[in-house]
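Now for the letters of each chain:
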Amino acid sequence: MERGVIMLEMRHVSHRYEKDILVDQSFQFPATGFIGISGESGCGKTTLLYILAGLLKPDEGEIFFQHQPLTHDFLGTHVTMIRQNNDMIPSLNVEDNIEVGCKIAQLSGIEKLPGIIHQLDIKHCLKKYPHELSVGQRKRVSIARSLLKDSDIILADEPTGALHQEAGHEVMRLLKKASKQALVLIVSHDESLLEMYCDEIVTLEAGQLKGEISEPCHENIKERKKKHYSLWPYAVKEVFFRIRRLCALICFQVILLSSLLFMVEGLNGLRLAMHKSVAHAPLKDIYLVSRKDQEDFSLSGQNIRPHFLGESGSIKELPSAMVAILPQKTMHIVLKSGRMPEKENECLISASIASKVKDQKLTYLLDEKESLKVVGVVQEYFFVHPYVYLPEHFVSAHPEYLTHSIYEVEGKSHLPSSQQYVISNDVLEERENYEELIKIGKMAGGIFVAISLLSSLSLMKIVFQSIALQRRLDNAIMMTLGMKMRQLFLRFFEEGMIIGISIITMSYLLTYFLREYLNTMTAFTKTYHFSFTPLVFYYQADFYLLLALFYILLVGMMDAKGIRYVKKKDIVDILREED
Ligand SMILES: Nc1ncnc2c1ncn2[C@@H]1O[C@H](COP(=O)(O)OP(=O)(O)OP(=O)(O)O)[C@@H](O)[C@H]1O
């Protein structure tokens, strides 16, 4: 690149709105100096500044900097704009607002901050936010930003506009000082201020720039050292700044996600409890066979036994289907109290029958001739019905207590094939019922998730949209600081991801505590062998990790859509709306 003077140059620039703003203008500005631009209201002074900053493309002609057409990092690296109203990002405090210029443009030099703060006397307001500052203080912050960035060009549009006289002079003095090291172009209505401070005054009139500029004199090109800064902290600050508006949205999403997770964990727990219970159900291989016409019938075969009918003792009203033969292996039977039967005339009863019996220890079932002593109470859970568990040898020794209307058959292969019989298996029937229930639960859950997801996404869209609209100006200011569309998209995306991460973390924590509470503090697990169980997918890919990633990306993308309210070609219009 040819080394030459730092110089801003217009070559044959024309621009027109309803009227001509610039007509075939060629002009060279010196490397340093304080140049005032005056002209009637509406003649195009502000438009000229935007064109020189590279924010507005002129209809014709081109702007050159250091004899080269403007590059995409010209604005960020070489220019600072000071606008009449507001150049500050509301979510950042004064310190951040000063540093943000360097950080967006990835320029080194932040270590000069204390000196600049001292020079501009703004130490006392470093931690304040823009809305807590006076107009004069805001102007000083903008000037501090340009000094920290060591800008080659400072474009100031009516910087003294809203200031009282003394503050106006102070700003002019500061800009004058800055003009020793940079080119300062100032647009002002106040001719006397311009005359008092400016080295040269250029007048814009009927599309023509009039005025004499002395020859550029400086040859030194400022060293531009690049430094990488992460803009994540600004994204975090922005989210915190908007937290009140986001609060309702975040709470709603947390409740929605937690209930979704809780539903998934509940259904998963139900499924697992059902499988476990079926595996442990003592009668899962026993099929009950009865004649359709209710008549007695006899069956022959090794594995066919008549069913015991318990009609005596204190539980006379117990239906026959509630009586079970104690299996050979009893390891899976969980006793709530008492012990396993050891003698022929001892039996177990399940908890719900036990509640009907006055004194379990001394309870004798059956009639006066034969008695069975209850020695233990079986813990009930899924598929463990209110049974009386009788030892098998007792049943075979006392066939008189057995009814011939219902038969137990071990294993389905032994079932009679005749259509005269009704075959049932309580455990399997109940499993089918529970499976049906879980299916309905899943369907209802799916519909709930779909509806609430859709409504919550539209709510999120509305909130993000309104925030993005509200932030149009902030983002336009960011663009004047040199932020590129790609950076801005990333910024939005990062903010969305921060919101997504917060929501998903809170939802997981809430679900965790609720799950722990319900599983440990309530009787669910103990009584029903049911617990809310986290769902883990196949192949070790965790459901929660996948859900979190999907959700965070989704929220990030939804927020990033807000970038459509800030288009590069509309930046000047957005800035003007505020002016
Ligand atoms: N986007 C636009 N579309 C149409 N006309 C525009 C647009 N922007 C500016 N103008 C017009 O261009 C003219 C120049 O506007 P500009 O703001 O540059 O003038 P100015 O000299 O800075 O005015 P003032 O001194 O009052 O701030 C005005 O008449 C304005 O209405």
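Residues numbered from 1 in each chain as written. Predicted model: local features only at pLDDT ≥ 70, side-chain atom pairs only at ≥ 80, totals over all residues.

Visitor: Explain the overall build of the chain residue by residue, including any values.
Guide: Scanning the chain for helices and strands turns up 17 helices and 20 strands. In the chain, which comprises 579 residues, the share counted as buried stands at 38%. Residue pairs in contact within the chain that sit at least 24 positions apart in sequence constitute 80% of those at least 6 positions apart. (Helix = DSSP H or I, 4+ residues; strand = E, 2+ residues; numbered from the N terminus. Buried ≥ 20, exposed ≤ 12 C-beta atoms within 10 Å, placed from the backbone. Contact = placed C-beta atoms within 7 Å.)

Visitor: Residues and numbers for the site of the ligand, please.
Guide: Contacts to the ligand come from 13 residues, most closely from Tyr17, Ser41, Lys45, Thr46 and Thr47. At 3 residues, the largest contribution of residues to the shell around the ligand is made by helix H1 (residues 45-53). Residue classes in the shell around the ligand are distributed as 3 nonpolar, 6 polar and 4 charged. (Near = placed C-beta within 6 Å. Nonpolar A, V, L, I, M, F, W, Y, C, P; charged D, E, K, R; others polar.)

Visitor: Please set out the packing of helix H14 (residues 485-521) against helix H16 (residues 543-560) residue by residue, giving values where relevant.
Guide: How two helices sit against one another is set out by the angle between their axes and by the gap between those axes. Interaxial distance between H14 and H16 falls to 7 Å at its minimum, and their mutual angle equals 140 degrees. The angle between the axes of H14 and H16 places the two elements in the oblique class. Note that H14 runs across H16; the crossing there is right-handed. Of the residues in H16, those touching H14 at Phe489, Phe492, Phe493, Glu495, Gly496, Met497, Ile499, Gly500, Ile501, Ile504 and Tyr508 are Tyr544, Ala548, Tyr551, Ile552, Val555, Gly556, Met557, Met558, Asp559 and Ala560. Along the lines of polarity and charge, the residues of the contact of H14 with H16 split into 16 nonpolar, 3 polar and 2 charged. (Axes fitted to C-alpha atoms, helices over the stretch in contact; angles between N-to-C directions. Parallel < 35°, antiparallel > 145°, perpendicular 65-115°, else oblique. Left-handed = near helix turned anticlockwise from the far one by under 90°.)

Visitor: Run through the sheet that holds strand S2 (residues 20-29), naming residues and quoting values.
Guide: Ordered in space as S2-S1-S4-S5, the 4 strands form an open sheet in which the pairing is antiparallel. The two strands at the open ends of the sheet, each matched to only one other strand, are S2 and strand S5 (68-69). Direction of pairing for strand S1 (residues 8-16) relative to S2: antiparallel, over a ladder of 6 bridges. Paired with arginine 16 across the strands is aspartate 20, a residue of S2. Running over the sheet, H1 touches S1, S2 and strand S4 (60-65) and is turned about 125 degrees from S1. (Pairing = 2+ DSSP bridges.)

Visitor: Go over the packing of helix H8 (residues 232-241) against H14, please, and point to the residues and values.
Guide: Orientation of H8 relative to H14, taken along the N-to-C sense of each, is 60 degrees, at an axis distance of 9 Å. In terms of orientation, H8 lies oblique with respect to H14. The handedness of the crossing between H8 and H14 comes out as right-handed. Across from Trp232, Ala235, Val236, Glu238 and Val239 in H8, the residues of H14 making contact are Arg491, Glu494, Glu495, Ile498 and Ile499. Of the residues in the contact of H8 with H14, the class split is 6 nonpolar, no polar and 4 charged.

Visitor: Tell me about the nonpolar core, and name the residues and values.
Guide: One finds Ala53, Ile154, Leu155, Ala156, Leu175, Val184 and Leu185 to be the most contacted residues of the largest nonpolar core, which totals 101 residues. For this core, the element with the highest residue contribution is helix H9 (residues 243-280), accounting for 10 residues. Residue contributions to this core reach at least three from each of two domains, namely domain 1 (8-228) and domain 2 (243-278 + 432-578). In this structure, leucine 185 is in contact with Phe29, Ile35, Ile37, Leu49, Leu52, Leu155 and Ala156, ignoring residues within four places of it in sequence. (Core = buried A, V, L, I, M, F, W, Y, C linked by C-beta atoms within 7 Å. Domains from an automatic or database assignment.)

Visitor: Kindly report on the confidence of the model for the chain, identifying the contributing residues and their values.
Guide: Summary statistics for the chain give a mean pLDDT of 79 and a share of 78% for residues scoring 70 or more. In the predicted structure, residues 297-319 sits below a pLDDT of 50 and forms 58 contacts with residues beyond four places in sequence or in another chain. In this model residues 402-407 is a low-confidence stretch, pLDDT under 50, and it forms 25 contacts with partners more than four residues away in sequence or in other chains. Scored as a complex, the prediction yields pTM 0.72 and ipTM 0.96. (pLDDT = per-residue confidence, 0-100.)

Visitor: If you had to explain the UniProt feature "transmembrane region" (unreviewed entry) in the chain to someone new, which residues and values would you point to?
Guide: The feature "transmembrane region" (unreviewed entry), as given by UniProt, occupies residues 443-464, 488-515 and 535-558 in the numbering adopted here. Between the first and last C-alpha atoms of residues 443-464 the distance is 31 Å; the span itself is 100% helix and 0% strand. Secondary structure across residues 488-515 divides into 100% helix and 0% strand, with the first and last C-alpha atoms of the span separated by 40 Å. (UniProt positions renumbered as here; feature names shortened; annotations may be inferred.)

Visitor: So what's going on with the environment of isoleucine 213? Residues and values would help.
Guide: Checked against the element boundaries, isoleucine 213 lands in the loop between strand S10 (208-210) and H8. Spatially, the C-alpha atom of isoleucine 213 lies 7.8 Å from that of glutamine 28, the residues being 185 residues apart in sequence. Sequence-distant contacts of isoleucine 213, defined by excluding residues within four places in its chain, comprise Gln28, Phe29, Pro30 and Glu200.

Visitor: Hey, could you go over H1 for me, with residue numbers and the actual values?
Guide: Here H1 lies mainly inside the structure; 9 of its 9 residues are buried. Just beyond H1, the residue with positive phi is glycine 54, at close to 85 degrees.

Visitor: Describe the sheet that holds strand S9 (residues 200-205), with residues and values.
Guide: Taken together, the 6 strands give an open sheet; going across it, the order is S6-S7-S8-S3-S9-S10, and neighbouring strands pair in mixed fashion. Only two strands of the sheet have a single neighbouring strand rather than two, namely strand S6 (79-82) and S10. The mean inter-strand angle of the sheet, taken between neighbouring strand axes irrespective of direction, is 20 degrees. Alignment of strand S7 (residues 153-157) against strand S8 (residues 183-187), held across 5 bridges, turns out to be parallel. The residue of S8 that forms the bridge with leucine 155 is leucine 185.

Visitor: Tell me what's going on with unusual backbone geometry, and back it up with residues and numbers.
Guide: Phi is positive for glutamate 158, close to 50 degrees, though the residue is something other than glycine. Its 19 C-beta neighbours within 10 Å are what place glutamate 158 among the partly exposed residues. Look at alanine 206: it is not a glycine, yet its phi comes out positive at around 50 degrees. Among the structural elements, alanine 206 can be located in the loop between S9 and S10.

Visitor: How would you explain the environment of threonine 522 if you had to name every residue and give the values?
Guide: Summarising the element assignment, threonine 522 is placed in the loop between H14 and helix H15 (524-528). Separated by 367 residues in the primary sequence, threonine 522 and leucine 155 have C-alpha atoms spaced 69 Å apart.

Visitor: Account for the pairing of S8, with residues named and values stated.
Guide: Burial runs high along S8: 5 of the 5 residues are buried. Taking every second residue as pointing to the same face, both faces of S8 are buried, with Leu183, Leu185 and Val187 on one and Val184 and Ile186 on the other. Examined bridge by bridge, strand S3 (residues 33-38) and S8 share 5 bridges and lie parallel to one another. Bridged to isoleucine 35 within S8 is leucine 185. This β-α-β element, S7 to helix H6 (residues 165-178) to S8, shows right-handed connectivity. (Right-handed = clockwise from strand over helix to strand, strands pointing away.)

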